[in-house]
Amino acid sequence: MTLSLVSLLSRDIAALWLVLKTRADEIMHQDIVPLCAADIQEQLKRRFAYLSGGRGQDGSPVITFPDYPAFSEIPDKEFQNVMTYLTSIPSLQDAGIGFILVIDRRQDKWTSVKASVLRIAASFPANLQLVLVLRPTGFFQRTLSDIAFKFNRDDFKMKVPVIMLSSVPELHGYIDKSQLTEDLGGTLDYCHSRWLCHRTAIESFALMVKQTAQMLQSFGTELAETELPNDVQSTSSVLSTHTEKKHKAKDDLQLALKEGQRILESLREPLAESATHSVNQDQLDSQATVQRLLAQLNETEAAFDEFWAKHQQKLQQCLQLRHFEQGFREVKATLDAVSQKIATFTDVGNSLAHVEHLLRSLASFEEKSSVAVERARALALEGQQLIENKHYAVDSIHPKCEELRHLCHQFAAEIDRRRGLLSKSRELHSLLETSMRWCDEGIYLLASQPVDKCQSQDGAEAALQEIEKFLETGAENKIQELSEIYKEYETILNQDLLEHVQKVFQKQESMQEMFHRRQASLKKLAAKQTRPVQPVAPRPEALTKSPCPSPGSWRGSESPGSEGSALRRGPYRRAKSEMSENRQGRGSSTGDEEEGLAILRRHVMNELLDTERAYVEELLSVLEGYAAEMENPLMTHLISTGLHNKKDVLFGNMEEIYHFHNRIFLRELESCTDCPELVGRCFLERMEDFQIYEKYCQNKPRSESLWRQCSDCPFFQECQKKLDHKLSLDSYLLKPVQRITKYQLLLKEMLKYSRNCQGAEDLQEALSSILGILKAVNDSMHLIAITGYDGNLSDLGKLLMQGSFSVWTDHKKGHTKVKELARFKPMQRHLFLHEKAVLFCKKREESGEGYEKAPSYSYKQSLNMTAVGITENVKGDAKKFEIWYNAREEVYIIQAPTPEIKAAWVNEIRKVLTSQLQACREASQHRTLEQSHSLPLPAPSSTSPSRGGTRNVKKLEERKTDPLSLEGYVSSSLPKPPEKGKEAW
């Protein structure tokens with residue numbers, strides 16, 4: 001079909017091209033004259049001969065040779081050109097009859113007459129019918145001409161008769177007066193200058209028509225030989241170029257038509273001015289020539305317009321096809337990418353919240369992909385429209401339209417299939433969570449039943465009724481048959497989900513077994529009452545209140561969207577309260593107490609898992625809804641210039657934190673669901689991974705500063721609107737900081753309810769490690785605020801402690817007044833204790849907002865730890881201690897805010913100095929060992945390096961006692977930090 005359409009279109013264009021070429025050839029091969037008036041304009045202006053337009057009786061054109069005294073002086077070439085031009089003007093039919101020559105020599109001499117006649121007869125280029133000569137009018141010349149003509153008749157023998165006329169009336173006997181000009185006694189209106197102007201205009205117009213025809217023919221050849229390009233840009237370029245050339249050709253054509261109309265109106269002007277004006281044959285011929293040329297131009301224009309319309313249609317259809325093909329390639333590539341992306345949506349979720357998140361992700365993906373799908377459908381409709389408009393490439397367009405429809409249908413079907421699977425997963429997880437809640441409520445019920453009240457018959461019966469009533473709710477809350485679950489949810493049951501279902505069912509079975517045992521015990525108590533149970537005083541440890549807050553006390557600071565956790569905390573707190581009351585009112589058995597602690601541990605674990613999942617989901621929403629959108633071309637116009645290339649500054653390493661929690665930590669926490677007391681091991685094994693929070697916190701000031709500068713950017717508002725977040729981005733950027741601080745609270749709670757459990761030691765170690773990470777994060781935040789230090793802080797070793805102190809100085813060198821002033825006026829300094837040096841800095845005033853409120857520290861002094869000693873106690877103040885340098889050359893009295901802080905710093909400095917002492921001993925022993933192997937005889941005591949090393953070690957041991965110091969031993973391997981001048985203090 002496409003080939004037939006293309007062939008038909010090509011045949012049409014070829015036929016039209018032949019018509020256009022024929023019209024152009026007709027114009028170019030007619031009205032070709034050897035000379036033009038413009039070429040011999042000066043000769044014609046002399047008027048020694050003219051074509052007045054008069055005709056003889058048989059229609060012969062009349063050429064008049066007026067009296068021209070300088071006729072003999074006209075060059076032969078010019079004379080010949082004028083004769084040739086004048087004889088070429090009449091039509092071939094009129095010229096074939098022969099010309100009549102009227103030679104007016106009334107004012108001339110006979111000798112000139114003879115010469116003129118002979119010259120004309122010799123060089124006239126056309127047929128002659130008659131030559132009429134008006135001889136001289138003077139008596140002598142007329143007589144002479146009569147005699148001379150008789151005697152010289154043979155000289156005038158010509159192919160046509162030569163008639164000598166004596167007067168003008170005799171001339172009228174041969175040619176009618178209406179065909180003669182006024183100077184020959186006629187009435188013919190003739191103006192030589194007007195005739196010359198008309199002839200020049202007509203011939204110029206004829207040349208313009210010929211050139212226009214040539215241009216159209218050349219342009220038509222170019223169009224006919226143009227090959228269709230294969231891409232949009234080339235096709236558009238060809239169409240644009242051809243259209244521009246077409247407009248120029250049309251302009252030239254219109255210009256020629258306007259010129260022809262102007263000339264025709266000029267020819268008709270005398271007749272328009274006077275109705276009685278007679279028009280001679282030459283004027284009629286001129287009008288006919290112009291009208292013929294105009295008609296040919298109009299026909300050529302019509303042929304060209306028709307040819308152009310077909311050619312333009314061909315190019316436009318080609319451009320439509322190229323646009324369609326380009327759009328098809330782009331849309332297909334997008335749909336292929338969408339198909340690959342949707343193929344990755346294989347996860348069915350590991351919890352109800354996770355499934356809800358996956359459903360939202362799928363909906364978001366569907367919404368984002370809808371643009372590509374709608375584009376594909378629109379492109380298919382566009383292709384169908386091209387087919388209906390009888391496009392020449394139907395066979396190429398139709399399969400592509402079908403493929404686009406198939407891809408759209410395939411996408412919609414796959415989305416529906418994925419949504420169906422996730423809906424089934426949500427249904428299953430909802431059933432599992434319902435069963436879990438039912439089990440938890442059952443356990444709470446068992447734990448909350450007062451033991452003392454159950455000892456009486458009425459209490460036992462009430463408790464029994466309470467249990468039976470609760471068991472009745474199991475029909476709608478518990479899993480009935482595992483086989484039915486397997487059958488109904490077979491399409492989504494992977495290995496993990498299958499294990500989860502089995503664990504929930506096992507838990508359900510265990511809980512029901514506990515209920516059955518409790519029912520059996522209560523039935524015995526209700527059937528036969530033995531002796532009453534006497535109340536006893538509660539154990540002292542049961543009355544001890546834990547100093548750590550309950551999970552409910554710190555849940556309040558969690559982010560929005562935790563209503564589900566809040567609902568679960570109700571029975572959790574009630575269970576704690578009732579258990580506490582039971583322990584205070586009456587001692588319970590060890591089994592009941594352990595059961596209650598297990599419930600509390602499970603609740604802390606649920607709290608940890610719920611908040612962890614919510615945290616992961618919030619990080620993902622920020623990364624997808626904000627960070628990824630910063631690279632979306634459709635959102636670029638909303639991003640302010642201050643945000644360009646600042647994604648890493650704004651979000652830090654949040655993506656790294658998200659991947660750690662989503663791929664690793666959350667899964668490991670979920671593996672501890674049944675054994676919450678073992679969760680400490682998860683933290684210990686991943687403690688190195690938690691170091692990523694230090695990097696995030698160090699970047700937080702830069703992120704805060706950038707946020708304050710760009711918080712009003714429309715980009716953030718648009719993203720917040722799409723995510724339906726109630727809080728702005730800065731609240732979510734604070735989540736990692738909040739999360740790392742929350743772990744220690746959860747671990748404290750878990751440790752409180754796991755004192756005698758297997759994982760208690762791991763929990764304690766995990767808590768200490770998390771607190772250590774928090775301290776390291778806090779210390780690093782202070783460390784990056786130090787300014788003015790010339791060296792590299794990392795060369796000083798690990799930062800051990802930092803804090804603010806009051807400092808007095810006492811130097812042996814220096815002016816006495818300065819020493820006294822320094823002794824009584826303390827300085828506020830912030831100290832940074834590293835493994836290799838202690839830094840003294842001045843804390844600058846806090847300013848700004850948010851993280852910019854963090855202080856900065858101006859570096860003042862540093863002491864190398866290899867030359868430092870300490871005095872642990874200073875008289876009169878338990879909060880003071882001394883750090884001295886170079887054998888007490890410089891003494892710094894340090895006053896801590898509290899005695900506890902002082903003790904911590906002294907202990908840490910002692911550890912550093914002790915480790916240096918140990919390193920010194922090992923180095924001395926190593927040197928002694930090397931020398932004992934290298935020397936065959938013992939050296940004298942005065943030169944023994946061993947004794948020297950022993951003395952050094954002994955001296956160091958003495959320094960370690962009080963005051964403690966390593967002065968006198970400076971290791972060359974330890975870099976000495978740069979020191980400021982003492983005047984900086």
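Residues numbered from 1 in each chain as written. Predicted model: local features only at pLDDT ≥ 70, side-chain atom pairs only at ≥ 80, totals over all residues. Heavy atoms only, no water.

- The name an unreviewed UniProt entry assigns to the protein chain is Guanine nucleotide exchange factor DBS, from the organism Sciurus vulgaris.
- Quoted verbatim from the Function (unreviewed entry) heading of the UniProt record, the comment on the protein chain is "Guanine nucleotide exchange factor that catalyzes guanine nucleotide exchange on RHOA and CDC42, and thereby contributes to the regulation of RHOA and CDC42 signaling pathways. Seems to lack activity with RAC1. Becomes activated and highly tumorigenic by truncation of the N-terminus."
- Its UniProt record gives the protein chain a comment under Sequence similarities (unreviewed entry), which states: "Belongs to the MCF2 family." (UniProt positions renumbered as here; feature names shortened; annotations may be inferred.)

**A closer look at the side chain of arginine 135**
In step 1: The residue arginine 135 is located in the loop between strand 4 (128–134) and helix 6 (139–151) in this model.
In step 2: A distance of 2.5 Å separates polar atoms of two side chains, one belonging to arginine 135 and the other to serine 166. (Helix = DSSP H or I, 4+ residues; strand = E, 2+ residues; numbered from the N terminus. Polar contact = N/O pair within 3.5 Å; in protein donor to acceptor, adjacent residues only side chain to side chain.)

**Some details on the packing of aromatic side chains**
In step 1: Going through the model one piece at a time under the given rule, you end up with 30 aromatic pairs.
In step 2: Each ring, one from phenylalanine 99 and one from phenylalanine 124, has its centre 5.8 Å from the other, and the planes form 70°; the classification is edge-to-face. In this pair, phenylalanine 99 is assigned in strand 3 (residues 99–104) and phenylalanine 124 in the loop between helix 5 (110–123) and strand 4, connecting sequence segments 25 residues apart. Comparing phenylalanine 99 with phenylalanine 124, the two get one shared label, buried.
In step 3: Considering the side-chain rings of phenylalanine 805 and tryptophan 905, the 4.8 Å spacing of their centres and the 80° angle between planes classify their relative orientation as edge-to-face. Residue phenylalanine 805 is found in strand 7 (residues 799–811), and its partner tryptophan 905 is found in helix 30 (residues 899–934); the two are separated by 100 residues along the sequence. (Phe/Tyr/Trp six-rings, centres within 6.5 Å; stacked < 30°, edge-to-face > 60°. Buried < 20%, exposed > 50% of the residue type's maximum accessible area, 1.4 Å probe, protein only.)

**Things to note about unusual backbone geometry**
In step 1: With phi around 60°, asparagine 645 is a residue other than glycine that occupies positive phi space.
In step 2: With respect to the helices, strands and loops of the structure, asparagine 645 is situated in the loop between helix 20 (590–627) and helix 21 (647–651).
In step 3: For aspartate 724, which is not glycine, the phi dihedral falls at a positive 60°.
In step 4: Along the chain, aspartate 724 turns up in the loop between helix 25 (714–723) and helix 26 (729–733).

**A few points about the sheet that holds strand 1 (residues 50–55)**
In step 1: Pairing is mixed across the open sheet formed by five strands, whose spatial order is 1-2-3-4-5. Lying at the two open borders of the sheet, with one neighbouring strand each, are strand 1 and strand 5 (162–165). If you compare each strand with its neighbour and ignore which way they point, the axes differ by 25° on average. (Pairing = 2+ DSSP bridges. Axes fitted to C-alpha atoms, helices over the stretch in contact; angles between N-to-C directions.)

**Overview of the nonpolar core**
In step 1: In this structure, Phe683, Phe690 and Phe716 are the most contacted members of the largest nonpolar core, which totals 65 residues.
In step 2: No other element matches helix 20, which puts 13 residues into this core.
In step 3: Once residues lying within four places of it in the same chain are set aside, the contact partners of phenylalanine 690 are Phe660, His661, Phe665, Phe683, Ile740, Tyr743 and Ile773.
In step 4: Counting residues in each nonpolar core, the second largest holds 35 residues, with Ile63, Phe71, Ala95 and Ile120 among its members. (Core = buried A, V, L, I, M, F, W, Y, C linked by side-chain atoms within 4.5 Å. Contact = heavy atoms within 4.5 Å.)

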